[in-house]
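A closer look at the structure
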Amino acid sequence: MRTGLSRRVSVSVGIVLAAAAVTPFVAPAATAAPRAAAPAAGTATAPIPVPFLATGGRLKGAGATGFVSQDADGTARWTRYADGVSTVIEASSLEFVTGSASDEVAVLGSTWHQNGTSSVTFRDMASGAAPFTVPVDNWTEDVRGVVGSTAVVDKAEGDAPVRLAGRAGDRNVTGPDGGLYENFYPSDSLKGTMLGWGVPASGGSVVAAVDIATGRVLEEYPIKPGGGVIGSPSFTPTHVAWTEQRDGKLLLVSVVRGTKDITSTPLDHGAEDGVEGFLVGDWYVSRAPSASTVTPLTARSLTDGTTLPLLDHTTGITRAPDGTVLALGTSADRGSGVYRIAPGDGGKATARLIASDGRPGGDLRPLTYTGSSIPATIALDGVAKVPLRWTFSTTSADLSVTLTHKRTGERFTRTLRPLAGPGAHPDGSLGLDWAGEFREGDGEGLRAAFNGEYTWEVTARPWNGLASVTATGGFTVVRTTKAHDYTDNGSPDLFARDKAGELHRIDTRWDDATGQLVPAYDWDFSSTADRGYGAYDRLESVGDIAGSETADTVGRDAWGDLWLHQGTRSNGGSSFVPRVRIGTGWWRYYEIAGGSDLTGDGRADTVAVEDGGDLYLYAGTGDASAPFAREKKIGFGWNIYNQVTAVGNIAGAPAGDLVARDKAGVLWLYLGKGDGTYAPRTRIGGGWGVYSDLVGIGDGNKDGRPDLFARGPQNTSYFYAGTGDWRAPFKPRASTRVGVYREGAYGTPYNKFA
């Protein structure tokens, strides 16, 4: 039984499926195009524009009225010769599109749990006839190729016959003697006949011509034992040709059809080289694909061995149904695009540009990597974006970037296509401005990147079709400890306790596109830290009081005991070590607020308001066994407030600050002096009584200033960005999805935020 997710589509090089066996893609919706009467394939005069092929697209097949191509981003198109109108072909992520040497486009589909083709759908791009689908058992069958509206299907194992399936129904490939064929790989087709390499049930290997309508083999040309078909068999009304490897040489073998007149000619390629080729008249037009050098297109005469240069570089060739060949390539004097290869004066093969991608002949030198400007250490404190730049010998290339966090394997990936968007820079480099985030691909799923060591890998794919170049390196991301960062990624984490007593950690990120604080994973929480938090009547994030360089949380139970939940650099996992009791008698406090450095020693401190209104300072020690110094009374009359919040240094003073809301809903600012005391209070504004929770969340928008989160009525929440100005410490509020509970999604609604 076959397993895995890779497709197993066996094809010969010359048939269009050779160009189609690529990574599946997601194409946009089809763009409807008005139909026009298309002239014969060879009657076009001026080249039609195909700018979508300028960045390294692929030719997938040719019909009588148009051709199939695939853009560098995977989008498949059908383009008409007559007017250049291009139609995007719909395909899902489990499908890929190929031509069939006709105006039929074949869409090969699969299933997520299988590695073979499960269906072939034919779409007639000329007539607009209804699509026709051939089912394939991808457990037991392989698609060997498609020709016209017919798929060649073979059993993956065993000696079952090859079947032809399509609009004309099913039929088996049958030899001249009536015997069945066990394998057949189509490679060329002309006027209802397909040519390929096959294995008859009687044994041996042959090049065979098959009538597509009946499945009957019309001609057979035996392959000598000890040789193998290297290039695809091709034919004209007068000749058949193929390549064989013999005695370390690559031979072009040609036969006059209807005779045994066989000629073998050594080719100027090593025996290990594959060759893509088709006969055009009496000329063998071929290219020897190379991963690192220019691949010219040449023609060799079957009559006198004369060799003609056709194109300076090609990325693929395919057969058109009129016997000509289409090639995607470059000529130094005529530019880049799709060329038609056909007999010209005296029957010589000639190349004519029929579709231009707008590029001149271009530089056909191989791409080289010349360096990067990636710093060894990237400090992300207060930094919105970091430029990551790489330099190659040209900017005419697409760039794939992968950043990998070594400890967790989390990745950021991005593909840059400078012709369609940003990626190339004035200094001649390629790269991006990294926002310090993880992101798989070009879609959603962003979240702040962890601190620590990273590797980077970039692959530049030049538009001229030559070899890609990959470079690697590394850097380290560092940030100072943040008050509300429990996951070592610099972004604030908000704790939300639900009515069932479960504590949920909501990792946040700043969305540059919308200017909003949003949940990192686009849902309410990323993990449940622990259960049983309903036992606490007070729950507070207090910053790093235990010396672990990660924020900690304290909870007070009904007996008045205070418990420390020490944070760990968990990289997205459970955020606390087992709790430790750190105090008793805390029942006398009705407000606890922590996270600001009030004493100026670099450690987070905590304040508590006694029922009588006295304010006490608990300075942080950095010692997990005794995280607070002895209490110190620093104020009185604070029982006029029903909410006290430590917000960090929001106003530009020497130390952390507090905000306090009175019973009338007025919010007051207390500027820290850095010695554990405060300057006289300043009125911030009224109307704050609508909020059930005020949380000094830390720096949510990456501007280096601490911010405030507010939980509003009717399942709403708001973000107040800090300004650094004590006279107006917050910008106007902005709505946010952070902490917004979705009914029925994750249990019971939230009743406390910290």
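Quantities reported herein were computed from a predicted structural model and do not represent experimental measurements.

Focus: the overall build of the chain
Scanning the chain from N- to C-terminus turns up one helix and 60 strands. Accessible surface computed for the chain: about 30100 Å², of which carbon and sulfur atoms make up 52%.

Section: the side chain of Thr121
Structurally, the position occupied by Thr121 is in strand E8 (residues 119-124). Among the polar contacts listed, one links the side chain of Thr121 to the side chain of Thr133, at a separation of 2.9 Å. If we ignore the near neighbours within four places in the chain, the residues touching Thr121 are Val105, Ala106, Val107, Pro131, Phe132 and Thr133.

Regarding the sheet that holds strand E59 (residues 734-735)
Across the sheet, four strands lie side by side as E56-E57-E58-E59; this open sheet has antiparallel pairing. Looking at which strands have only one partner, the edges of the open sheet turn out to be strand E56 (693-698) and E59. Pairing analysis gives four bridges linking E56 to strand E57 (residues 707-712), with the strands arranged antiparallel. Bridge pairing links Leu694 to Ala710 in E57.

Here's the deal with the nonpolar core
Ranked by internal contacts, the top residues of the largest apolar core, which has 28 residues, are Leu388, Trp390, Phe392, Leu399, Trp434 and Phe475. Every element with two or more residues in this core is listed here: strand E32 (386-392), strand E33 (397-405), strand E34 (411-416), strand E35 (430-434), strand E38 (452-462) and strand E39 (469-478). Leaving out residues up to four positions away in the same chain, Trp434 has contacts with Ala384, Lys385, Val386, Leu388, Leu403, Phe412, Ala449, Tyr454, Phe475 and Val477.

With respect to the pairing of strand E53 (residues 657-662)
Burial runs high along E53: six of the six residues are buried. Residues of E53 alternate between two faces, with Asp657, Val659 and Arg661 on one and Leu658, Ala660 and Asp662 on the opposite face, all of them buried. With six bridges connecting them, strand E52 (residues 641-648) and E53 associate as antiparallel partners. When the bridges of E53 are listed, Thr645 appears paired with Val659. Pairing between E53 and strand E54 (residues 667-670): four bridges, direction antiparallel. Across the sheet, Leu658 pairs through a bridge with Tyr670, a residue of E54. Hairpin connection of E53 to E54: four residues between the antiparallel strands, including Gly665 at a positive phi of 90 degrees.

Some points on the pairing of strand E11 (residues 150-155)
Counting buried positions along E11 gives five out of six residues, so the element sits mostly inside the fold. The pairing of strand E10 (residues 141-147) with E11 spans six bridges and is classified as antiparallel. Across the sheet, the residue bridging to Asp142 is Asp154, located in E11. Taking the residues that link successive antiparallel strands as the turn, the E10-E11 hairpin has two residues, and the phi of Gly148 there is positive, at about 60 degrees. Here E11 runs beside strand E12 (residues 163-166); their pairing, made up of four bridges, is antiparallel.

Comments concerning the layout of surface pockets
Sizing a probe to match a water molecule and rolling it over the atoms shows the empty space that remains. Its boundaries defined by the atoms lining it, the second largest pocket holds a volume of some 790 Å³. Lining of the second largest pocket is provided by 40 residues; of these, Thr481, Lys482, Ala483, Gly595 and Gly648 occupy positions nearest its centre. Residue assignment for the lining of the second largest pocket shows that the elements contributing at least two residues are strand E48 (589-596), E52 and E56. Grouping the constituent residues of the lining of the second largest pocket by class yields ten nonpolar, 22 polar and eight charged.

Some points on empty space enclosed by the protein
Under the definition given, this model contains five cavities of 30 Å³ or more. Taken as a whole, the largest cavity spans an internal volume of roughly 220 Å³. Taken together, 19 residues line the largest cavity, and the ones lying closest to its centre are Arg479, Asn489, Gly490, Ser491 and Lys702. The computed volume of the second largest cavity comes to approximately 90 Å³. Along its surface, the second largest cavity is lined by 15 residues, and Thr315, Leu328, Ser336, Arg359 and Trp463 are the ones closest to its centre. Element by element, the count of residues in the lining of the second largest cavity is highest for strand E27 (residues 325-331), at three residues.

Some words on the packing of aromatic side chains
Working definition: an aromatic ring pair is given by the centre-to-centre distance plus the angle between the planes. Enumeration according to the criterion identifies 31 aromatic pairs in this entry. Ring centres of Trp510 and Phe719 lie 5.4 Å apart, and the angle between their planes is 45 degrees; on these two criteria the pair is classed as tilted. Highlighted residues: Trp510 in strand E41 (residues 503-511) and Phe719 in strand E58 (residues 716-720), separated in sequence by 209 residues. Of the residues examined, Phe719 reaches a relative accessible area of 3% and is grouped as buried. Of the aromatic side chains, those joined through ring pairs into one cluster are Phe412, Trp434, Phe438, Phe450, Tyr454 and Phe475. The ring of Tyr81 is capped by Arg340, whose NZ or CZ atom sits 4.9 Å from the centre of that ring. The residue whose ring lies beneath Arg681 is Trp668, and the NZ or CZ to ring-centre distance is 3.5 Å.

Looking at the confidence of the model for the chain
Parts of the model with low pLDDT should not have their predicted coordinates read in detail. Scored by pLDDT, the chain has a mean of 83; 86% of the residues are at 70 or more. The least confident element of the chain, judged by mean pLDDT, is helix H1 (residues 17-20) at 31; the most confident is strand E1 (residues 48-49) at 96. Contacts of residues 1-44 to residues separated by more than four positions or lying in other chains number 136 contacts, the stretch itself having pLDDT below 50. Contacts for the low-pLDDT stretch residues 522-529, under 50 throughout, to residues beyond four places or in other chains number 29 contacts.

A word on the sheet that holds E53
Strand order across the open sheet formed by four strands is E52-E53-E54-E55, with antiparallel pairing between neighbours. Single-partner strands in this sheet number two, and they are E52 and strand E55 (682-685). On average, adjacent strands in this sheet sit at an angle of 30 degrees to one another, irrespective of strand direction.

About the cut-offs
Residues numbered from 1 in each chain as written. Predicted model: local features only at pLDDT ≥ 70, side-chain atom pairs only at ≥ 80, totals over all residues. Heavy atoms only, no water. Helix = DSSP H or I, 4+ residues; strand = E, 2+ residues; numbered from the N terminus. Areas by Shrake-Rupley, 256 points an atom, 1.4 Å probe, with all protein chains shown as cover. Polar contact = N/O pair within 3.5 Å; in protein donor to acceptor, adjacent residues only side chain to side chain. Contact = heavy atoms within 4.5 Å. Pairing = 2+ DSSP bridges. Core = buried A, V, L, I, M, F, W, Y, C linked by side-chain atoms within 4.5 Å. Buried < 20%, exposed > 50% of the residue type's maximum accessible area, 1.4 Å probe, protein only. 1 Å grid on protein atoms, 1.4 Å probe; cavity = no way out; pocket = protein on both sides within 12 Å on 5 of 7 lines; lining within 4 Å. Points joined across faces, edges and corners; volume = space filled by probe spheres on them. Nonpolar A, V, L, I, M, F, W, Y, C, P; charged D, E, K, R; others polar. Phe/Tyr/Trp six-rings, centres within 6.5 Å; stacked < 30°, edge-to-face > 60°. Lys NZ or Arg CZ within 6 Å of the ring centre and 35° of its normal. pLDDT = per-residue confidence, 0-100. Axes fitted to C-alpha atoms, helices over the stretch in contact; angles between N-to-C directions.

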